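Here's the letter readout for the chains.
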Amino acid sequence: MEPTNINNPEYFHKVVDCQHACPAHTPVPEYIRLIAEEKYTEAYMINWDSNVFPGVLGRTCDRPCEPACRRGRVDEEPVAICRLKRVAADNKGDVKQFMPQAPFKQNGKKIALIGAGPASLTVARDLAPLGYEIHLYDQQKLGGGFMRSQIPSFRLPESVLNEEVNFILDLGIHTHFNEYVKSLKETLDKDYDAVFIGSGAPKGRDLELPGRKEGAAHIHIGINWLANVAFEHTKNVGKKVIVLGGGNTAMDCCRTARRLGGEEVKVIVRSPFAEMKASPWEKEDAAHEDIPIIDNHVPKSFVVENGVLKGMTFEKVTAEYTKEGKRKLVPVGGADVFIEADDVLIAVGQENSFPWIERDLGIEFDKWNMPIVNEVTFVSTNTKVFFGGDAAWGPKNVITAVAHGHQAAISIDLTCRGESMNVRPSPFVNLVSQKMGIHEWAYDSAVVNDQRYTVPQADKKITLANRKKEVELGYDHITGFKEAERCLNCDIQTVFTTDKCIECDACMDVCPTACISFTGNASEIDLRSMLKVPATNLSQDLYVSSALKTKRVMVKDENVCLHCGLCAERCPTAAWDMQKFFYNVSKAGSGCASHK
Amino acid sequence: MTYLRPKFRHPELQKNKLGYTVDYYEGALSTLCAGCGHDSISAGIIQAAYEMNIQPHKLAKFSGIGCSSKTPAYFLSNSHGFNSVHGRMPSVATGANLANRDLIYFGVSGDGDTASIGLGQFVHVIRRGLNMTYIVMNNGCYGLTKGQDSATADQGSKNKSGNVNLFEPIDLASLAIETGATFVAQSFSGDKAQLVPLIKAAMNHPGFAFINVISPCVTFNNNMGSTKSYDYVREHIEATATVDFVPDMKEISVEYGKGTHKNVTMHDGSVIQLHKLAEEWDPLNRQSAMNAVLNAKSKNEILTGLLYVNPDARDLHHMIQTTDKPLNSLTKSDLCPGSEMLNAINADLR
Ligand SMILES: Cc1cc2nc3c(=O)[nH]c(=O)nc-3n(C[C@H](O)[C@H](O)[C@H](O)COP(=O)(O)OP(=O)(O)OC[C@H]3O[C@@H](n4cnc5c(N)ncnc54)[C@H](O)[C@@H]3O)c2cc1C
Ligand SMILES: Cc1ncc(C[n+]2csc(CCOP(=O)(O)OP(=O)(O)O)c2C)c(N)n1
Ligand code: SF4
Ligand code: SF4
Ligand code: SF4
Ligand SMILES: [Mg+2]
């Protein structure tokens, strides 16, 4: 193999598994260390810069970082990255003083943002301090998008959401709430320099089954129903409730129903339990609230008698798989199953819908009626119109919407300044030795053995009685510290200097997880099999040195490195050093695209 | 502060035949200087014990005094161990071995511990053919007492303070062959590919097995002008042959062509496979082994690999015809069979 080019920041970025997996590339280990030091405000600000909604995300994030976390490869469970973020948010001090302070000197450019969800709010936050005049439109009476209308208060208290939405609105954003944009053409005619569409995927799928019309009064589209609950148009539900669907929306529907008077709430899914889309922790929470999940049942009809919904019938199926691994649901035979219900909530998916976008504005749509959007710049085929969040490629999650928002803001800023939006600003990076002395490092290098700490929950009696009562209580300071200590500090990189190595093998011998090998060079596939422990995790890179004196090379399999620093500790010549790698995605107006 | 070894190990470590992963053979984290060759040899011992499927409680470690003699703390924590006085490891090992012949005896010593204060004990334990593995971690100096020249320092070799050694060195490998060791090898701490099979073969050898391992002292003897530095050793190393130890004839997977290859079959069916043999060297012939060592020396080469082996070796217990049962397990009735037996013996002598 060729020697690894560690000057390319993407190499070390990839070693920080969690940060790399985070769509917004939040510097996770950096904020976790700050939490361990009880520097909650600083930890919050690292998050705020990257993901804009630390308090919201610390409670609701889909956490793509956690399955990626290195700890999960050596220990039973990953670090509770998400819930640590909440510790920072819960305990922060005055963070506002560290945020940009309006009013800002205006640059004369006007931007419209359609939809006030996390994607648009991120664009607003990034662009307002640069002097842009931001106009934010939403049909709802308050900002937040689905974070407000869909995510129930028992998972995300309104006060937490309000605080973080207001941090942005306070930057001098012109809000146009209670205003549905019914024509993009009209908006474009208002002379905006750019329009960002963050209108989400607001249309819930329906199920056209026999009885649907007759039972309509008690059959609800899940996301509409949740919005009605959030805005207090809906205040109760029948005692017996069926929730159709296996995703997170279904989980929110069933748990909300339990709080609005539902006593026998059942989730019914077509697929096997293990294949449900809902996150494992959401399924656990539903089970904890006595909600059975009945799998392998395909809905057939709504049963309505004398104009009153009585329940639904289902066909029992079993999943069979073709050779290619494709799933087929095959009826098992026997009579249909009838399940009683006073209300049915349909949570079987959402779709985009752009009835308000005229098709003659130069914005091309594909055969699925989705706009064609550039994956890097987020621009549509009309160079003034940008898409992001769920509006761009269908329903995802908050953190993805934020990541899109940052990139779209960069593009808008570049284009408003007459520069090419295809030349993206490089990330901010820094690499600094952590050596303080013998056996002394500037980070807490010892690896603790603790298992993941569970987040305490409020008593079910209380939470089921009040839909606004938050279920999770969050870690206290001490548990937060202990959980933070489980982080392996993957951003403290092992940096190898070939010229200094005398090939004494000390690093290889001491490494607890057999990461380091000295061997003849070969192609990557061969090299992977030649190591002390073969490197079978192909998603993890090999760090290869140039040729040493003996013509061998040092090969480090990054896979299960604990970042314990023992290799650097045992190296007589400091050929290994532990260096802190800070990587921050550039935001609009920062980085190499410096403001003129 | 990192000076704690994390408990996590690579999740894909393979188990040996006993079901242990290699970490079961580890010891405490070493307190030797970072980069000391001795640590590398310890790692080789751990690897060899793991590969040999050794039950740790069936092995006893012995050592004298020195950095090298400290290393039994850093490998095989689950085995027995005795850290004896300076240069006296052979007598303690002899006592233990006589008391219980059922254990594997593993001695670790330094060049000071063996070639200076312990030289007398060393040659006598060899003469007696004690069934043990004896490793010298040879750094050409007294590491523990701050690097004075030892008796294995080469004539003309410079130490860290610039002093040149005036005296003829003791060549431990030649001495071992000379005094009757039945397995003699030489190696380098920086060459585990060679060292590990040699340790395995030595542990399996049914007599006295000696391995002299050049092991640079990074702190006191890794300077320019030293003949035991990493750089010097790497530049002057020559191998008799590459070595493989195969515990069972049936497991031999690679067959090599004649001429450059030799299989030495031990009496228990295990095989030492040697390939790319040096010319004019026969590992089964003491004379030839001595010549090879001397030739290399005259060319300023450090000859490594297996030097000499006698596959028919017999150990001390065999020579003095002790009972097969470990002496420490003999009961009073075994030792004092009673007057009837005495009478029978007396009758025999009449
Ligand atoms: C029930 C449910 C629970 C969820 N839970 C989570 C969770 O726990 N964690 C997570 O990360 N994600 C969750 N999500 C997904 C997440 O809410 C979305 O992916 C995210 O909010 C998308 O952000 P966005 O900025 O693209 O748009 P949205 O948040 O969808 O906001 C779009 C806004 O645009 C407005 N709008 C649309 N069209 C117009 C128009 N023409 N004029 C004016 N306004 C308009 C809408 O009213 C809406 O307020 C959940 C989704 C649902 C349905
Ligand atoms: C009877 C006795 N004499 C002298 C000493 C001092 N002493 C301790 S270690 C040592 C030399 C050790 O050299 P070596 O065996 O080569 O070990 P190294 O530290 O080099 O590995 C000496 C002379 C002692 N401990 N006991
Ligand atoms: S251990 Fe810490 S730094 Fe490493 S991947 Fe997990 S959270 Fe990130
Ligand atoms: S920091 Fe060094 S010693 Fe520790 S696990 Fe990583 S490579 Fe091994
Ligand atoms: S410990 Fe240092 S000098 Fe020794 S092999 Fe490793 S990198 Fe090279
Ligand atoms: Mg010594």
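Definitions and cut-offs
- Residues numbered from 1 in each chain as written.
- Chains lettered and ligands numbered in written order.
- Predicted model: local features only at pLDDT ≥ 70, side-chain atom pairs only at ≥ 80, totals over all residues.
- Heavy atoms only, no water.
- Pairing = 2+ DSSP bridges.
- Helix = DSSP H or I, 4+ residues; strand = E, 2+ residues; numbered from the N terminus.
- Axes fitted to C-alpha atoms, helices over the stretch in contact; angles between N-to-C directions.
- Buried < 20%, exposed > 50% of the residue type's maximum accessible area, 1.4 Å probe, protein only.
- Contact = heavy atoms within 4.5 Å.
- Salt bridge = Lys/Arg side-chain N within 4 Å of Asp/Glu carboxyl O.
- Near = heavy atom within 4 Å.
- Polar contact = N/O pair within 3.5 Å; in protein donor to acceptor, adjacent residues only side chain to side chain.
- Nonpolar A, V, L, I, M, F, W, Y, C, P; charged D, E, K, R; others polar.
- Domains from an automatic or database assignment.
- Buried area = accessible area lost by both parts, 1.4 Å probe.
- Phe/Tyr/Trp six-rings, centres within 6.5 Å; stacked < 30°, edge-to-face > 60°.
- Lys NZ or Arg CZ within 6 Å of the ring centre and 35° of its normal.
- Patch = residues over 30% accessible without salt bridge, like charges linked within 9 Å, V, L, I, M, F, W, Y side chains within 5 Å.
- Areas by Shrake-Rupley, 256 points an atom, 1.4 Å probe, with all protein chains shown as cover.
- Donors = N, O, S within 2.8 Å, 3.2 Å for Na, K, Ca; no water.

## With respect to the sheet that holds strand S20 (residues 492-496) of chain A
Residues and elements named next belong to chain A.
Phase 1 of the analysis: Taken in spatial order, the three strands of this open sheet run S17-S24-S20, and their pairing is antiparallel. Whereas interior strands pair on both sides, the edge strands pair on one side only; in this sheet they are strand S17 (428-433) and S20. Sheet twist, expressed as the average angle between the axes of neighbouring strands with direction ignored, equals 35 degrees.
Phase 2 of the analysis: As judged from the five bridges shared by S20 and strand S24 (residues 576-584), these two strands associate in the antiparallel manner. Counted as the bridge partner of Ile-492 is Lys-580 from S24.

## As for the environment of Gln-139 of chain A
Residue and element names in this part refer to chain A.
Phase 1 of the analysis: With respect to the helices, strands and loops of the structure, Gln-139 is situated in the loop between strand S2 (133-137) and helix H10 (146-149).
Phase 2 of the analysis: For Gln-139, a relative accessible area of 48% corresponds to the partly exposed category.
Phase 3 of the analysis: Spatially, the C-alpha atoms of Gln-139 and Phe-582 are 40 Å apart, while their sequence positions differ by 443 residues.
Phase 4 of the analysis: Sequence-distant contacts of Gln-139, that is, excluding residues within four places in its chain, are made with Asn-178, Glu-179 and Tyr-180.

## A closer look at the pattern of salt bridges
Phase 1 of the analysis: Under the defined criterion, the tally for this structure stands at 56 salt bridges over all chains.
Phase 2 of the analysis: The closest approach of N and O atoms between Glu-558 of chain A and Lys-556 of chain A, which form a salt bridge, is 2.8 Å.
Phase 3 of the analysis: Among the residues examined, Lys-556 of chain A registers a relative accessible area of 2% and is labelled buried.
Phase 4 of the analysis: Asp-334 of chain B is the salt-bridge partner of Lys-325 of chain B, the closest N and O atoms lying 3.6 Å from each other.
Phase 5 of the analysis: Through salt bridges with shared partners, one network takes in Arg-148, Glu-158, Glu-232, Arg-467 and Lys-468 of chain A.

## Here we look at the site of ligand 2
All names here are of chain B.
Phase 1 of the analysis: Ligand 2 sits among 17 residues. The nearest are Ser-68, Asp-111, Gly-112, Asp-113 and Gly-143.
Phase 2 of the analysis: A distance of 2.7 Å separates an oxygen atom of ligand 2 from a polar atom in the side chain of Asp-111.
Phase 3 of the analysis: Residue Asn-139 places a side-chain N or O atom 3.0 Å away from an oxygen atom belonging to ligand 2.
Phase 4 of the analysis: Residue assignment for the shell around ligand 2 shows that the elements contributing at least two residues are helix H2 (67-70), helix H4 (111-116) and strand S5 (141-142).
Phase 5 of the analysis: When residues of the shell around ligand 2 are assigned to their parent elements, the largest contribution, three residues, is made by H4.
Phase 6 of the analysis: Considering only residue class, the shell around ligand 2 consists of six nonpolar, nine polar and two charged.

## Considerations on the domain arrangement of chain A
Note on interface size: it is often stated as the accessible area lost on association of the parts.
All names here are of chain A.
Phase 1 of the analysis: Taken domain by domain, chain A holds domain 1 (15-97 + 444-485), domain 2 (100-202 + 352-416) and domain 3 (204-349).
Phase 2 of the analysis: Here domain 1 and domain 2 have C-alpha centroids that lie 27 Å from each other.
Phase 3 of the analysis: In this assembly, 27 residues from domain 1 lie in contact with 29 residues from domain 2.
Phase 4 of the analysis: When domain 1 packs against domain 2, close to 2400 Å² is buried across both sides, 65% of that on carbon and sulfur atoms.
Phase 5 of the analysis: Per-residue buried area on domain 1 facing domain 2 is highest for Trp-48, Phe-53 and Lys-96; these three make up 27% of the total on that side.
Phase 6 of the analysis: Applying the counting criterion to the domain 1 and domain 2 interface returns three salt bridges.
Phase 7 of the analysis: In this structure, Lys-96 engages Asp-170 in a salt bridge whose closest nitrogen and oxygen atoms are separated by 2.6 Å.

## Quick look at the packing of aromatic side chains
All names here are of chain A.
Phase 1 of the analysis: What the rule picks out here adds up to 22 aromatic pairs over all chains.
Phase 2 of the analysis: Relative to Trp-576, the ring of Tyr-543 lies with its centre 6.3 Å away and its plane at 85 degrees, an arrangement referred to as edge-to-face. Of this pair, Tyr-543 sits in strand S22 (residues 542-544) while Trp-576 is found in strand S24, placing the two residues 33 residues apart along the sequence. The residues Tyr-543 and Trp-576 share a single accessibility class, namely buried.
Phase 3 of the analysis: Sitting over the face of the ring of Tyr-44, Lys-92 holds its NZ or CZ atom 5.0 Å from the ring centroid.
Phase 4 of the analysis: Note that Arg-259 overlies the ring of Phe-154, its terminal NZ or CZ placed 3.8 Å from the centroid.

## Here we look at a nonpolar patch on the surface
Phase 1 of the analysis: Judged by side-chain polarity, Met-341, Ile-345 and Leu-349 of chain B come together as a nonpolar surface patch covering roughly 320 Å² of accessible area.
Phase 2 of the analysis: Relative to the helices and strands, Leu-349 of chain B resides in helix H12 (residues 339-349).

## Regarding the coordination of the magnesium ion (ligand 6)
Residue and element names in this part refer to chain B.
Phase 1 of the analysis: Here the magnesium ion (ligand 6) is held by Asp-111 (OD), Asn-139 (OD1) and Cys-141 (O), and the distances to it run 2.1 to 2.2 Å.
Phase 2 of the analysis: Counting along the primary sequence, the residues that act as donors to the magnesium ion (ligand 6) give the motif D-x27-N-x1-C. With Asp-111 in helix H4 and Asn-139 in the loop between strand S4 (132-138) and S5, this residue pair connects regions lying 28 residues apart in the sequence.
Phase 3 of the analysis: Judged by relative accessible area, which is 2%, Asp-111 ranks as buried.

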